[in-house]
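Inside the fold
Residues per chain, in single letters:
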Amino acid sequence: MATSLSSLCFAVSVSSSSSSSSTSLSSFNTKSFRNLTTSNCKSTSLGYNPLSSFSNRRKVLTVRATVLQDDEEKVKVEESFQPNSFPGDDRKGSASAEEAVENTSSSVLERWAIKVEQSVNIALTDSVIKILDVFYRDRDYARFFVLETIARVPYFAFMSVLHLYETFGWWRRADYLKVHFAESWNEMHHLLIMEELGGNSWWFDRFLAQHIAVFYYFMIVVMYMISPRMAYHFSECVEMHAFETYDKFLKLQGDELKKLPAPEVAVKYYTEGDLYLFDEFQTARPPNSRRPNIENLYDVFLNIRDDEAEHCKTMKACQTHGNLRSPHSYQADDSHNIQNDDSGCIVPQADCEGIVDCLKKSATPPQTTMK
């Protein structure tokens, strides 16, 4: 009888332990188990108490469950903050910008600043999208003309501010100027393609696009001087909208586009001449890794859509300060290391983030190194 009771206690304890490890003891009522073992095991005359082994096992499992629960909560906390990049998009936020602030002492404040900046950017982007939806619901080429006129403006604004910083000795990074110029060069050819397709035939379309672009330019200049991260994210929002617009257009009009010839300006830009600048704005891929094939109008819009995706990647990389490098810089570094490993001639680059940081660093006297 004692043997059967002890077997019963052991079976109950094993079942409860397996249940505990899978549900962290949340679905098991210990009070009910205590009543059960008291009624069934009370009359046993064995020399040891089977509850003692269960109690020790329960303590161990409880500790393990607590550790697992803490780890799960830590993962949830780390994944809970994903800044919104685009409304209705699962790829929200800039991981690079978030990872940069996670390691600082003011990470909580920085995360809230990112949230505020990106919320403002989303609201501004939505307002522009609503304007375009009202005027260009069924006029695709005109919509693309306005969109490309607007999309190329931020790169002019970035270069204007960077040239100003360089004039004052606050900034000296050629890679940013090269990449942003290559981006504007790419957007300019998108605009030329839309003009060749007749997107600018109406006076109203040109008037609206140009006036939005002027306002947009000064807004981005002020935004970039205050917070480069915010300005880059706003440009990322615009480029993402452009990508989604072209992607939707390809899905709806793909069959018709394959029957139409490609504009001459598109053929020349994507397939002829020196493609250095074409590689330069695609900072997420090595040079010469993308060479489009243009046979019809569908291929043109397919490559324009892919260009917008590359702009999004570059703008996301820019949101982490100092993270942007020209794709050709890596090749230059490799060749330099092979030919000459002497870095003594490299001039240190002036650097700052935003006008506040620039003013602060300009007021600090430069440090001299005694040799």
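Residues numbered from 1 in each chain as written. Predicted model: local features only at pLDDT ≥ 70, side-chain atom pairs only at ≥ 80, totals over all residues. Heavy atoms only, no water.

**A short note on the overall build of the chain**
A tally of helices and strands in the chain yields 15 helices and 0 strands. The buried share of the chain, taken over its 371 residues, is 41%. In the chain, the share of contacts with a sequence separation of at least 24, taken over all contacts with a separation of at least 6, comes to 78%. Summing over all exposed atoms, the chain offers an accessible surface of approximately 21,000 Å²; the carbon and sulfur share of this is 57%. (Helix = DSSP H or I, 4+ residues; strand = E, 2+ residues; numbered from the N terminus. Buried < 20%, exposed > 50% of the residue type's maximum accessible area, 1.4 Å probe, protein only. Contact = heavy atoms within 4.5 Å. Areas by Shrake-Rupley, 256 points an atom, 1.4 Å probe, with all protein chains shown as cover.)

**Some remarks on the side chain of aspartate 279**
Among the structural elements, aspartate 279 can be located in helix H12 (residues 276–280). Accessibility expressed as a relative area gives 5% for aspartate 279, which makes it buried. A polar contact of 3.3 Å, which involves the side chain of aspartate 279, links it to the backbone nitrogen of asparagine 288. Within the structure, aspartate 279 has its side chain in polar contact with the side chain of arginine 291 (distance 2.8 Å). Once residues lying within four places of it in the same chain are set aside, the contact partners of aspartate 279 are Pro287, Asn288, Arg290, Arg291, Pro327 and His328. (Polar contact = N/O pair within 3.5 Å; in protein donor to acceptor, adjacent residues only side chain to side chain.)

**A word on helix H10 (residues 228–257)**
At lysine 251, H10 shows its largest kink, close to 55 degrees. The buried fraction of H10 is high, at 23 of 30 residues. (Bend = angle between axes of the 7 residues up to and from the residue.)

**Some points on the UniProt feature "transmembrane region" (unreviewed entry) in the chain**
As annotated by UniProt and renumbered to match this structure, "transmembrane region" (unreviewed entry) occupies residues 207–226. Helix makes up 100% of residues 207–226 and strand 0%, with an end-to-end C-alpha separation of 29 Å. (UniProt positions renumbered as here; feature names shortened; annotations may be inferred.)

**With respect to the pattern of salt bridges**
As a working rule, side chains carrying opposite charge can pair if their charged atoms are close by. Within the structure shown, the criterion is met by 14 salt bridges. A salt bridge links aspartate 247 to arginine 305, with the shortest nitrogen-to-oxygen separation between them at 2.9 Å. Taken together, the residues aspartate 247 in helix H10 and arginine 305 in helix H13 (residues 297–318) connect sequence positions 58 residues apart. Note on accessibility: aspartate 247 and arginine 305 belong to one class, buried. Salt-bridge contacts for arginine 285 lead to glutamate 310; the nearest nitrogen and oxygen are separated by 3.3 Å. Within this pair, whereas arginine 285 is found in the loop between H12 and H13, its partner glutamate 310 is found in helix H13, the two being separated by 25 residues in sequence. According to the relative accessible area criterion, arginine 285 is partly exposed, its value standing at 28%. Note on glutamate 310: relative accessible area 4%, which makes it buried. Each of Asp247, Lys251, Arg305 and Asp306 takes part in one network of salt bridges that share partners. (Salt bridge = Lys/Arg side-chain N within 4 Å of Asp/Glu carboxyl O.)

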